[in-house]
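Tertiary structure, described
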There are 2 protein chains.
Amino acid sequence: MCKVAVMGYGTIGSGVVEVLTTNKAVIAERTGEEVEVKYVLDLRDFPGSPVEKLLVKDYKVIVDDPEVEVVVETMGGVKPAYQFVKECLENGKNVCTSNKELVAAHGPELLQIARDKNVNFLFEASVGGGIPIIRPLTQCLTADVIEEITGILNGTTNFILTKMRDEGADFETVLKEAQELGYAERNPEADVEGYDACRKIAILTSLAYGKQVDYNDIYTEGITKITVEDFKYADSIGATIKLVGTGKMTDGKISAMVTPVMIKAGHPLYTVDDVFNGIYVRGNMLGDSLFYGKGAGKLPTASAVAADVVEAVRNRHNNVPIIWSSDKQHVTDYKDVVNSFFVRAKDTSFDEITKIFGEVTKVDSLVDGETAFTTGKMTEGEFEDKYAKLANAVTRIRLAF
Amino acid sequence: MCKVAVMGYGTIGSGVVEVLTTNKAVIAERTGEEVEVKYVLDLRDFPGSPVEKLLVKDYKVIVDDPEVEVVVETMGGVKPAYQFVKECLENGKNVCTSNKELVAAHGPELLQIARDKNVNFLFEASVGGGIPIIRPLTQCLTADVIEEITGILNGTTNFILTKMRDEGADFETVLKEAQELGYAERNPEADVEGYDACRKIAILTSLAYGKQVDYNDIYTEGITKITVEDFKYADSIGATIKLVGTGKMTDGKISAMVTPVMIKAGHPLYTVDDVFNGIYVRGNMLGDSLFYGKGAGKLPTASAVAADVVEAVRNRHNNVPIIWSSDKQHVTDYKDVVNSFFVRAKDTSFDEITKIFGEVTKVDSLVDGETAFTTGKMTEGEFEDKYAKLANAVTRIRLAF
């Protein structure tokens, strides 16, 4: 028998209790013992709910109970989750969390405490919802030098972009619809500005290279400026537009970015639509691989947290190595990152464009008075300088090919 | 420092040595120590090769050397690999293998010896080549009841089917081309008759449900009868044809099959082309997920074996649980498995067809004198009876939708 406490009985937390209850038998088979929820921490009351009698309002009850060996943290946010999790680990409890803000901000420190106490700090659900990606990265792709990780990491924006493409509707209209369906928050900033994807790619890049990538160092651009016309242009060159987070190693240097990109048919991420997430990983031996599934939602995410609980129960007196030191990972200044670009400009002749950009590939204009083209590879800095010289630039989108 | 021996210096074995050598630094970081190949077992000589001085011809040298803690088995086949692996495990060595025949035939027994000796028997590369699927199944999707696993598990047949579709070429022509390119063996039976996929789905289904699925119990059909016309019909209904292995739980009963199926656009496996493999897993909480990558090839497969070596080095005195008992898993007789079907028949009126099959969905004929249709769900047995009544049946292909 192993006793578990769940901190935070919101969407994910109640999902974890549901998974542990519904799949009790199969989980007991796989851990070799019963797994039982002893406490649920929440400031709210849930009269009539199945956890009513397990509710506690003081986290110290959990921290101080030696019978609790595994703690699930599904409160979200850094405060007070950080303090609660830290005290649990320091008291020799394993912690499983879905909290990407916490992991991105304090991952290495919490992993070190877990190591020191010979317990585990696990966070499979913090990236990619139900998709197994953290454990595959830390326990499966361990013989490869990771050359690139590129992921569609945010279900809300992928839902919005897919709908914009399929229905020819503009960003504001689709955002409103997504909000009505509950796929987007009332304050959608974290999703649509790319901040959520930024924390997730910070975590993945840190794990790929073993050092702490500060998400503040990651150049991040959201999808609010993407238009229906951009999708038409993308379609005309056999591509679509996705918001991706990418971490790469080029000549031994690490770069990371979150931006909308044009992805061509044939790329593994091209068909990742709606609220699904997809994470593409390229290893120097493995080549291409893709992990695909539901990146959000109550039960898929809770399934990943509950799988962490299984891993924690199996290894509750044995730290499973996750290499992520607190040493700062130097991230290449985005101006030195090499990309290629799709560009739209008004009232500009192709001659003027080639004078500024040199050789480019013309894209048939789909808007009166516009010239469109794609560039070859150049640094972001070089591109910015050239783009600034275009008197009537409309927009530019990076190419993921 | 951890010493490794490699048994079998063929394509995969030499690949493993290459991965361990090329990525020595990153592997040492991830295991916390140097990993060194001490012996290579092969009956052949490799004059001038980097392993020349490591070659031994007697496996006992490896079994009896206490310094060797991890053994890689990449000989293939059951004999003599079974005996060598068994003795290594009994002598307290961890074993990592890419050998699906060995794993399908003796997995539970070898896992039990590893458990008894507190070492590990690992076989990530036996299914899906470089794609992480064994560890995700045994260590990540552990909180879910697995409802279905369906995989494109054989790169050779997927290459052939993709080429038949894209080039409109017939099976024999494409097979010959695949043989010339080295993608198919001179004796292609194991691939094109589905035997290879059968062993792989036997392994995956065993792991999903924890008991031994005998691959002899799995109804298996290859791709030799698939024609160019079949692809045209598939295309006309928005589908393509893939060889899949599938393991399912329906009302608590386990079924498993290997057959060509028509898969519609939108299914995660639809876009898995060429030599790539894709494994679709549906969990009762997780929903849909897909694992995609290179299912064969020297370095991708060797990368998976080398990742097992990393796992073995990290846990060489600690058995990582893999639940797969030797209890026989009852597999539903294929005649009781429910499927739907695409059917072609010559010189048969639609009236005759509906008299036999009841309500069906007509598919526009693409061949003179033919009638084509898809059926609703029925058992394989029921379908066989009805199909036998069609005097001039041409072919039938199961639908994966």
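In the block above lies the structure referred to throughout.
Calculation rules
Residues numbered from 1 in each chain as written. Chains lettered and ligands numbered in written order. Predicted model: local features only at pLDDT ≥ 70, side-chain atom pairs only at ≥ 80, totals over all residues. Contact = placed C-beta atoms within 7 Å. Helix = DSSP H or I, 4+ residues; strand = E, 2+ residues; numbered from the N terminus. Nonpolar A, V, L, I, M, F, W, Y, C, P; charged D, E, K, R; others polar. Pairing = 2+ DSSP bridges. Buried ≥ 20, exposed ≤ 12 C-beta atoms within 10 Å, placed from the backbone. Least-squares fit on C-alpha atoms with pLDDT ≥ 70 in both. Axes fitted to C-alpha atoms, helices over the stretch in contact; angles between N-to-C directions. Parallel < 35°, antiparallel > 145°, perpendicular 65-115°, else oblique. Left-handed = near helix turned anticlockwise from the far one by under 90°. Bend = angle between axes of the 7 residues up to and from the residue.

1. Regarding the interface of chain B and chain A
- Between chain B and chain A, the contact holds 44 residues from the first and 45 residues from the second.
- Where the side of chain B that touches chain A is concerned, the elements lending two or more residues are helix H2 (24-31), helix H6 (134-140), strand E13 (287-294) and helix H12 (298-314) of chain B.
- Considering every element that reaches the side of chain B that touches chain A, the biggest residue donor is H12(B), with nine residues.
- Here the side of chain B that touches chain A is built from residues that sort into 24 nonpolar, twelve polar and eight charged.
- Relative to E13(B), strand E13 (residues 287-294) of chain A is paired through five bridges, and the arrangement is antiparallel. Residue A:Leu290 lies in a different strand from E13(B), and its bridge partner there is B:Tyr292.

2. Here we look at the environment of B:Phe231
All names here are of chain B.
- With respect to the helices, strands and loops of the structure, Phe231 is situated in helix H11 (residues 228-236).
- The class for Phe231 is partly exposed, based on 19 C-beta atoms found within 10 Å.
- With 70 residues separating them along the chain, Phe231 and Leu161 place their C-alpha atoms 9.0 Å apart.
- Non-local contacts of Phe231, meaning those with residues more than four positions away in its chain, are made with Met164, Arg165 and Ile241.

3. Focus on the environment of B:Thr205
Residues and elements named next belong to chain B.
- Secondary-structure assignment places Thr205 in helix H10 (residues 195-209).
- Among the residues examined, Thr205 registers 26 C-beta atoms within 10 Å and is labelled buried.
- Put simply, Thr205 and Thr31 are 174 residues apart on the chain and 30 Å apart in space, counted from C-alpha to C-alpha.
- Setting aside residues up to four positions removed in sequence, Thr205 forms contacts with Ile149, Val213, Gly247, Ile254 and Ala256.

4. Thoughts on the sheet that holds strand E2 (residues 35-41) of chain B
All names here are of chain B.
- In spatial order, the strands read E3-E2-E1-E4-E5-E6; together these six strands make up an open sheet with parallel pairing. If you trace the sheet from one side to the other, it starts and ends with strand E3 (55-56) and strand E6 (121-122), each paired once.
- In terms of strand pairing, E2 meets E3 through two bridges, oriented parallel. For Val40, the partnering residue across the bridge sits in E3 and is Leu55.

5. What to know about the relation of the copies chain B and chain A
- Note on the copies: chain B fits chain A at an RMSD of 0.0 Å, the axial shift is 0.0 Å, and the rotation between them is 180°. Such a combination of rotation and displacement between the chain copies is what one expects of a two-fold axis. The C-alpha atom lying nearest the rotation axis in chain B is that of B:Phe291; the distance is 2.5 Å.
- The fraction of interface residues of chain B whose copies in chain A are also interface residues reaches 100%, indicating that both copies meet through the same surface.

6. Describing unusual backbone geometry
Residues and elements named next belong to chain A.
- That bond from Lys79 to Pro80 is cis: its omega, 0°, falls within 30 degrees of zero.
- Of note, Asp251 is a non-glycine position whose phi angle comes to about 50°, a positive value.
- Tracing the chain through its elements places Asp251 in the loop between strand E10 (239-250) and strand E11 (253-264).
- Even without being a glycine, Asp274 presents a positive backbone phi close to 55°.
- Counting through the fold element by element, Asp274 comes out in the loop between E11 and strand E12 (276-283).

7. Digging into the packing of helix H5 (residues 100-117) of chain B against H10(B)
Residue and element names in this part refer to chain B.
- The interhelical angle for the contact between H5 and H10, taken along N-to-C directions, is 45°, at an axis separation of 9 Å. Judged by the inter-axis angle, H5 sits oblique to H10. In this structure, the crossing between H5 and H10 has a hand that is left-handed. Each of Lys100, Glu101, Val103, Ala104 and Gly107 in H5 lies in contact with H10, whose residues at this interface are Arg199, Lys200, Ala202, Ile203 and Ser206.
- Of the residues belonging to the contact of H5 with H10, the class tally is four nonpolar, two polar and four charged.

8. Re the sheet that holds strand E1 (residues 2-7) of chain A
Residue and element names in this part refer to chain A.
- The six strands are arranged E3-E2-E1-E4-E5-E6 in an open sheet whose pairing can be described as parallel. Strand pairing shows two members of the sheet lacking a second neighbour, strand E3 (55-56) and strand E6 (121-122), which therefore form its edges.
- Sheet topology note: the E1/strand E2 (residues 35-41) ladder contains six bridges and is parallel. Directly across from Val4, in E2, lies its bridge partner Val37.

9. A word on helix H5 (residues 100-117) of chain A
All names here are of chain A.
- Approximately 80° is the largest bend angle found in H5, and it occurs at His106, with the proline Pro108 only one to four residues beyond.
- When we look at burial in H5, the residues that qualify are Lys100, Leu102, Val103, Ala104, His106, Gly107, Leu110, Leu111 and Ala114.
- Against the buried residues of H5 lie helix H4 (81-90), strand E5 (94-97), E6 and helix H10 (195-209).
- A positive phi of about 60° marks Asn118, the residue just after H5.

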